[in-house]
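In case you want the letters, here they are:
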Amino acid sequence: MARFTPQLLDDIRDRLTLSDIVGRRVSYDKRKSQPQKGDFWACCPFHNEKTPSFHVDDRKGIYHCFGCGVHGDHFRFLTEKEGLSFPEAVEQLADEAGVELPKSDPRMIEQEKKRASLYDVTALAQQYFLEQLQDKEGAAARGYLQQRGLSLEIQRRFGIGFAPRNRSGLKQYLAAKGIEHGQMVEAGLVVAGPDIPVSYDKFRDRIMFPILDLRERVIAFGGRAMSADNPAKYMNSPETPLFSKRSILYNAASARKVAFDKGRIIVVEGYMDVIALAQAGINEAVAPLGTALTEDQLRLLWKMADEPILCFDGDEAGLRAASRSIDVALPQLAPGKTIQFTMLPDGQDPDDLLKIDGVDAMEDLLGSARSLSDMIWVRETEKGVYNTPERKAALEAKISSLIRLISDPNVRRYYEQAFRERMQVFFRSNSGARAHSYGRGNQRGNQGGYRPSYDGSYQNKGQAGGRFGVGQHLGSQVSEELRKTALTSRNYGRLNTPLIARELVLVVTLLNHPVLLGDHLEDFAELSFKNPSLKRIQGALIDCYSDGEDISAAQLREKMMERGLLDEILHLENALLSLPFWQIGVNAPDSVAECGWKQALALHHRAHTLNKELRAAERAYANDESELNLERLLDVNAQIVNVDGTDILIDSLDTMSAV
């Protein structure tokens, strides 16, 4: 047993998702489970039952059956269900997690005992720092925290303390508690060495932030200097047997609980950024500890949410951090696992933005986070002009070399496709113009020839009537054709909101192929339609599925008729007559219909994201009519055109699937 330390077992659990392990033996109930929250239900594999009462909680890493009472974690599931011994279970899961197991060694037993005692040392140090903040010498620190607007409640929640100027205050405090000098040094709290005559406290005259592990134990500290003359504004504990700064994130234990519920985790740059967001009610934020984002930290983030949002300051340092994160993430991308980016206005950190513009402005920024592929694109194109075959070839070679870093073959294939399409559009429509910047707005002024008009559209200063808005995109013959169809230019009876082709495909496909609802109910339920008829039919489809999974298209029509929706369904189908969406029809194979439905869903999500980006770009241009802001606006508009134009091409995207 000594071979398998608690830290080692925690490491294995953190790298593996319990629902994946249990899922090899059970089939989860799709209606009762909530995968986005790490919450799964199934019929118990340990006793016979017809109603799912076996619960798997990824947040806590445990399973429990409310029928027979079995309870356990990753290792117990293998020992009780597959008959493995505990060492065999640990070895199997360690191999899956890529964790190297130590060999049995009496010295390791002694080291583990030392580690256990070090937790006591760091806990006592935390108590000392809390007491010192309330002492008379902590008055200046209390004043600073008050000036920063940190409430007493938020200070207590994050355990903020103070290290006084005294060179040996903590050392004396710990010695009085019976802590040996060597333990103080090993915990990174006291500095000692052969060339240091008298050891001294590492942290002095600093506001102290305790760093917790995932079991909420204090393992290290970060300190912010009170003196402006101190060259090290922030200082972290050194590497210790408890603390490795590359594998933990500040506030990870607390944030992951919220992240599971909200389906979102935010990465900011420092302690104060995390705390400022928490005080504003955004509790799912973490921060690296003096390093750029590492592979271990990224794996930890993906345990909390599939698409972490990296929020960086809009200065040069923030841009460099974003660029480094791109390079770290690319080799590790997996289906459903990626990162997003949002860049703060130049000169502002999250605390500044929250105080000046409020929490809504921060939520707007987070809501318009840019995809990893977008960030790669603008990073590689913002400094170049691609107006010759040679320059275009160089850009293509650079993008290809980055994509080859992606290990997962399916993700790599989709990146190749996405960038191939993007380069075709870029080279054709922009004639080699620079892409917009993903950092700060250009402060040189507006040289692009466009100004905001009173209605939020944009007008070319040199051309009368040269306006475009969200629904009118520059240079889009495809989108003009689309607007001329019944889908966007006419109303049908009770349909008071224009229809969009992809949304029609999403609804009518499921009307004609209800068997697809079983696998796509969650995605379908999360869709937001503006058209009231689509909303009503969406709700009725979900209700009908809940009544019973096995339902034919004809039976579904009868249920829709009973709800008074048949007339509206006929209007939707009439709207589709002018477009060649053959794969949504009743006679199309289910596999073909499903492929078209997935393509429409991808377009829908992409359009939603782009419209958020467009609103952000419009706001940026209204505040600063710079060339870079204009280029960003034009680029987002061009991407929206591409998505809108693709609406009428869904049918042609999967010709092979019909073979």
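A. Focus on the overall build of the chain. Along its length, the chain carries 27 helices and 18 strands. The buried share of the chain, taken over its 659 residues, is 49%. Residue pairs at least 24 apart in sequence account for 65% of intrachain contacts in the chain once pairs closer than 6 positions are excluded. On the chain, roughly 31300 Å² of surface is accessible, and the fraction owed to carbon and sulfur atoms is 49%.

B. Seen up close, the sheet that holds strand β9 (residues 218-225). What the four strands build is an open sheet, ordered β5-β8-β9-β10; its pairing is antiparallel. Across the chains shown, the open sheet's two edge strands, defined by having one partner strand only, are β5 (161-163) and β10 (234-236). The sheet shows a mean angle of 35° between the axes of neighbouring strands, direction not considered. Pairing analysis gives three bridges linking β5 to strand β8 (residues 206-212), with the strands arranged antiparallel. Bridge pairing links G161 to M208 in β8.

C. Highlighting the sheet that holds strand β15 (residues 370-371). The five strands lie next to each other as β12-β11-β13-β14-β15, forming an open sheet whose pairing is mixed. Each edge of the open sheet carries a strand with a single partner, namely β12 (285-286) and β15. As paired elements, strand β13 (residues 309-312) and strand β14 (residues 340-343) share four bridges and run parallel to each other. From the neighbouring strand, I309 faces β14, where its bridge partner is Q340.

D. Looking closely at the pairing of β8. Of all seven residues making up β8, six are buried, and the element is well covered by its neighbours. Looking at chain direction, β8 and β9 are connected through seven bridges and run antiparallel. Within β9, the residue paired with R206 across the bridge is A225. Where β8 folds back on β9, the antiparallel hairpin that results is connected by five residues, among which E216 adopts a positive phi of roughly 65°.

E. Broad picture of the pattern of salt bridges. A complete count under the given rule lists 21 salt bridges for this structure. Close ionic contact of R264 with E284 constitutes a salt bridge, the shortest N to O distance being 2.6 Å. On the criterion of sequence distance, the pair formed by R264 in the loop between α10 (252-262) and β11 (266-267) and E284 in the loop between α11 (271-279) and β12 is long-range, its members being 20 residues apart. Accessibility expressed as a relative area gives 15% for R264, which makes it buried.

F. Main features of the side chain of E503. By the element assignment, E503 lies in helix α21 (residues 501-512). The class of E503 is buried, set by a relative accessible area of 8%. Those residues in contact with E503 that lie beyond four places of it in its chain are F529, L534 and H604.

G. Inspection of helix α22 (residues 517-525) at higher detail. Regarding α22, the residues found buried are L517, G518, H520, L521 and F524. The buried side chains of α22 occupy one side of the element, clustering within an arc of 150° when seen end-on.

H. A look at unusual backbone geometry. Of note in this structure, D205 is not a glycine but carries a positive phi near 55°. In this fold, D205 is placed in the loop between β7 (200-201) and β8. Taking the relative accessible area as the measure of exposure, D205 reaches 14% and is therefore buried. Non-glycine residue N251 carries a positive phi angle of around 75°. As for its position among the elements, N251 is in the loop between β10 and α10.

I. Representation of the side chain of Q297 in the model. Within the secondary structure, Q297 is located in helix α12 (residues 295-304). Every residue in contact with Q297, bar those within four places of it in the chain, is listed here: K245, R246, S247, I248, L249, P288, L289, T291 and A292.

J. Seen up close, the packing of α21 against helix α24 (residues 553-562). For the pair α21 and α24, interaxial distance at closest approach is 8 Å and the crossing angle is 115°. With respect to α24, the element α21 is oriented roughly perpendicular. Together, L510, L511 and N512 of α21 and A553, L556, R557 and M560 of α24 make up the contact between the two elements. Here the residues of the contact of α21 with α24 sort into five nonpolar, one polar and one charged.

K. Main features of the nonpolar core. The biggest cluster of nonpolar side chains holds 103 residues, and the ones touching the most others in it are Y250, I275, F341, L372, I376 and Y415. L521, F524, I569 and W597 belong to the second largest nonpolar core, which has 30 residues in total.

L. View of the environment of L395. Mapped onto the elements, L395 comes out in helix α17 (residues 389-403). Since its relative accessible area comes to 2%, L395 is described here as buried. For the pair L395 and M423, spaced 28 residues apart in sequence, the C-alpha to C-alpha distance is 9.0 Å. Discounting chain neighbours no more than four positions away, the residues touching L395 are W377, E380, T381, Y386, F426 and F427.

M. Quick peek at the packing of aromatic side chains. Overall, the coordinates contain 18 aromatic pairs when judged by the stated rule. What links up through ring pairs into an aromatic cluster is the set F158, F209, Y234, Y250 and Y271. Of note, K32 hangs over the ring of W41, and the distance from its end group to the ring centre comes to 4.1 Å. Over the ring of Y119 we find R217, and its NZ or CZ is 4.2 Å from the ring centre.

N. Focus on α21. Counted at 1.5 Å a residue, the expected span for α21 with its twelve residues is 16 Å, and the 16 Å between its end C-alpha atoms agrees. Where burial is concerned, most of α21 is hidden: twelve out of the twelve residues are buried. Among all positions in α21, only A501, R502, E503, L504, V505, L506, V507, V508, T509, L510, L511 and N512 are buried.

O. Focus on the confidence of the model for the chain. When the pLDDT values of the chain are averaged, the result is 80; 81% of them are 70 or greater. Scored below 50 in pLDDT, residues 432-497 makes 160 contacts in the model with residues more than four places away or belonging to other chains. For residues 645-659, every residue scores under 50 in pLDDT, and the model assigns this stretch 32 contacts once sequence neighbours within four places are set aside.

P. Representation of the environment of P241. Inspection of the secondary structure assignment puts P241 in the loop between β10 and α10. Assessed through its relative accessible area of 33%, P241 is described here as partly exposed. For P241 and G188, which are 53 residues apart along the polypeptide, the C-alpha to C-alpha distance reads 9.5 Å.

Definitions and limits used
- Residues numbered from 1 in each chain as written.
- Predicted model: local features only at pLDDT ≥ 70, side-chain atom pairs only at ≥ 80, totals over all residues.
- Heavy atoms only, no water.
- Helix = DSSP H or I, 4+ residues; strand = E, 2+ residues; numbered from the N terminus.
- Buried < 20%, exposed > 50% of the residue type's maximum accessible area, 1.4 Å probe, protein only.
- Contact = heavy atoms within 4.5 Å.
- Areas by Shrake-Rupley, 256 points an atom, 1.4 Å probe, with all protein chains shown as cover.
- Pairing = 2+ DSSP bridges.
- Axes fitted to C-alpha atoms, helices over the stretch in contact; angles between N-to-C directions.
- Salt bridge = Lys/Arg side-chain N within 4 Å of Asp/Glu carboxyl O.
- Arc of directions from axis to C-beta.
- Parallel < 35°, antiparallel > 145°, perpendicular 65-115°, else oblique.
- Nonpolar A, V, L, I, M, F, W, Y, C, P; charged D, E, K, R; others polar.
- Core = buried A, V, L, I, M, F, W, Y, C linked by side-chain atoms within 4.5 Å.
- Phe/Tyr/Trp six-rings, centres within 6.5 Å; stacked < 30°, edge-to-face > 60°.
- Lys NZ or Arg CZ within 6 Å of the ring centre and 35° of its normal.
- Expected span 1.5 Å × (residues − 1).
- pLDDT = per-residue confidence, 0-100.

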